[in-house]
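Survey of secondary and tertiary structure
For reference, the chains in residue letters:
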Amino acid sequence: MEFGYIFAGFGVGLLVGITGVGGGSLMTPLLVFLFGFKATVAVGTDLLYAAITKTGGVFVHHNTHKSVDWRVVCWMSLGSLPSAVATIFVIKHLIKIEKDVTGLITFTLGIALILTAIAVLIRSYITRKQIREIESSIISSGRFKQIQIPATIFIGIVLGILVTISSVGAGALGTIAILFLYPKMSTLKVVGTDLAHAIPLTAVAGFGHWTLGHVNFELLGTLLIGSLPGIWIGSHLSVKIPEKVLRLVLATLLLIIGLKFVLV
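Going along each chain's sequence as written, the residues are numbered from 1 onward. It should be noted that, the model being predicted, local features are given only for residues of pLDDT at least 70 and side-chain atom pairs only at 80 or more, the latter also being counted only at that level, while totals for whole chains, interfaces and linings use all residues. The basis for the side-chain values is all heavy atoms of the structure; hydrogens and waters are excluded.

**Quick notes on the overall build of the chain**
Only DSSP runs of H or I covering at least 4 residues are called helices, and only runs of E covering at least 2 are called strands; the numbering of each starts at the N terminus. Helix and strand content of the chain: 10 helices and 0 strands. Listing each helix as α and each strand as β along the chain from the N terminus yields α-α-α-α-α-α-α-α-α-α. For this analysis, residues touch if any pair of their heavy atoms sits within 4.5 Å. In the chain, of all internal contacts separated by at least 6 residues, the share reaching a separation of at least 24 is 85%. Per-residue and other accessible areas were derived by the Shrake-Rupley procedure at a 1.4 Å probe size, with only the shown protein chains allowed to occlude residues. Split by element, the accessible area of the chain, about 12,600 Å² in all, is 72% carbon and sulfur.

**Considering the nonpolar core**
In terms of nonpolar packing, the biggest core is built from 46 residues, with L31, F37, Y49, L113, Y182, L223 and L254 touching the most fellow members. Residue contacts for L31: discarding those within four places in its chain leaves G36, F37, A42, L219 and L223. Counting residues in each nonpolar core, the second largest holds 15 residues, with A39, I105, L201 and L212 among its members. Here the nonpolar core consists of buried residues drawn from Ala, Val, Leu, Ile, Met, Phe, Trp, Tyr and Cys, with membership extended through side-chain atoms lying within 4.5 Å. Working definition: with a 1.4 Å probe on protein chains only, accessible area under 20% of the residue-type maximum means buried, over 50% means exposed, and in between means partly exposed.

**Comments concerning the packing of aromatic side chains**
Classification of ring pairs rests on two measures: the distance between centres of Phe, Tyr or Trp rings, Trp counted by its six-membered ring, which must be within 6.5 Å, and the angle between planes, read as stacked under 30 degrees, edge-to-face over 60 and tilted in between. With the rule as written, the count across this model stands at 5 aromatic pairs. On the basis of an interplanar angle of 40° and a centroid distance of 4.7 Å, the ring pair of F33 and F261 is categorised as tilted. In this pair, F33 is assigned in helix α2 (residues 24–33) and F261 in helix α10 (residues 243–263), connecting sequence segments 228 residues apart. Here F33 falls in the partly exposed class, since its relative accessible area comes to 40%. Overall, F261 belongs to the buried group, its relative accessible area being 3%. Residues W210 and F217 carry aromatic rings whose centres are separated by 5.2 Å and whose planes lie at 75° to one another, so their mutual orientation is edge-to-face. The exposure class assigned to W210 is partly exposed, which follows from its relative accessible area of 44%. Of the residues examined, F217 reaches a relative accessible area of 41% and is grouped as partly exposed. In this structure an aromatic cluster arises from ring pairing among Y5, F35 and F37.

**Overview of helix α4 (residues 70–96)**
The first and last C-alpha atoms of α4 sit 38 Å apart over 27 residues, in line with the 39 Å expected at 1.5 Å per residue. The reported bend at a residue is simply the angle between two axes, fitted to the 7 residues ending at it and to the 7 residues beginning with it. At S77, α4 shows its maximal kink, close to 35°. You can read the cap of α4 off the contacts: a side-chain oxygen lies 3.2 Å from the backbone nitrogen of R71, and it is on D69. Once α4 ends, the next one or two residues include E98, with phi positive near 65°. In this analysis, the expected span of each helix is defined as 1.5 Å times one less than the number of residues it contains. In protein, a polar contact means a hydrogen-donor-capable atom and an acceptor-capable atom, both N or O and within 3.5 Å, with residues adjacent in sequence counting only if both atoms are side-chain atoms; elsewhere, any N or O pair within 3.5 Å suffices.

**Topic: the packing of helix α6 (residues 148–166) against helix α7 (residues 172–181)**
Under this scheme, a helix contributes an axis fitted over its contacting stretch, all axes are lines through C-alpha atoms, and angles between N-to-C directions fall in the 0 to 180 degree range. As a packed pair, α6 and α7 sit with axes 11 Å apart at the nearest point and diverge in direction by 170°. Classified by the angle their axes make, α6 and α7 are roughly antiparallel. Of the residues in α7, those touching α6 at Q148, A151, T152, I155, L159 and L162 are L173, G174, A177 and L181. When grouped by side-chain class, the residues that make up the contact of α6 with α7 number 7 nonpolar, 3 polar and no charged. Between 65 and 115 degrees an angle is taken as roughly perpendicular, under 35 as roughly parallel, over 145 as roughly antiparallel, and anywhere else as oblique. In this count, Pro and Cys sit with the nonpolar residues alongside Ala, Val, Leu, Ile, Met, Phe, Trp and Tyr, while Asp, Glu, Lys and Arg are called charged and the others, Gly among them, polar.

**So, α7**
Among the 10 residues that make up α7, 9 are buried, leaving the element largely enclosed by the rest of the structure. Among the residues of α7, those classed as buried are A172, L173, G174, T175, I176, A177, I178, L179 and L181.

**A look at the environment of M27**
Inspection of the secondary structure puts M27 in helix α2. When the C-alpha atoms of M27 and Y49 are compared, they prove to be 9.4 Å apart, with 22 residues separating the residues in sequence. If we ignore the near neighbours within four places in the chain, the residues touching M27 are A8, G9, V12, D46, Y49 and L223.

Quick look at the structure:
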């Protein structure tokens, strides 16, 4: 079965490299439906998996491209990290009073997957619109002007809750949020900034789930063995495969899986 985990990690890494969609929206449903893990374990393990795999991406974006806006990362983290910690304490309290945490996580995971499917579909449209806005130089770098920082912190709070409960949203939803809040930010910087914010968020949330016993480290190791080369190969294949077709297929798949989580 370990070879199955390695193969799954490779497949998810390959798709992430080609499409740019975060691994959480693919890995967590795969662990639940294909391998039969509890939703709690799938989420906790995937959060640490995401923190590790995204770290390499940030080194590239910061050291090579200088494409991380650390101010935005700090503002989003001011909202997301405390909300992630608070969410872990809420989950811990629900477990203590013997409430059904699995049901909460499963339902939230379904909602997050549906939102991610929508984000995958509209991302290219928002990116094209962003380019037109940059060229026209009409809209400022911050869409909300005086309340730009509070708006960014609020988005961080929402992402912190959603990612901690479902492990989904740090990638696709984070990117869409930054594109919406900062329409003049270049696409490269949006990706780098989202990656830089996702690492501490997934690490804090993952550590919280670890304290709750929701992380399978043997599974984590085997997934990483497959995913790291998968991401590398996928990144090179991305220029040869039509992105529109892949994004449509991927969004449809995520929508179907999300609905299944919500309705079950």
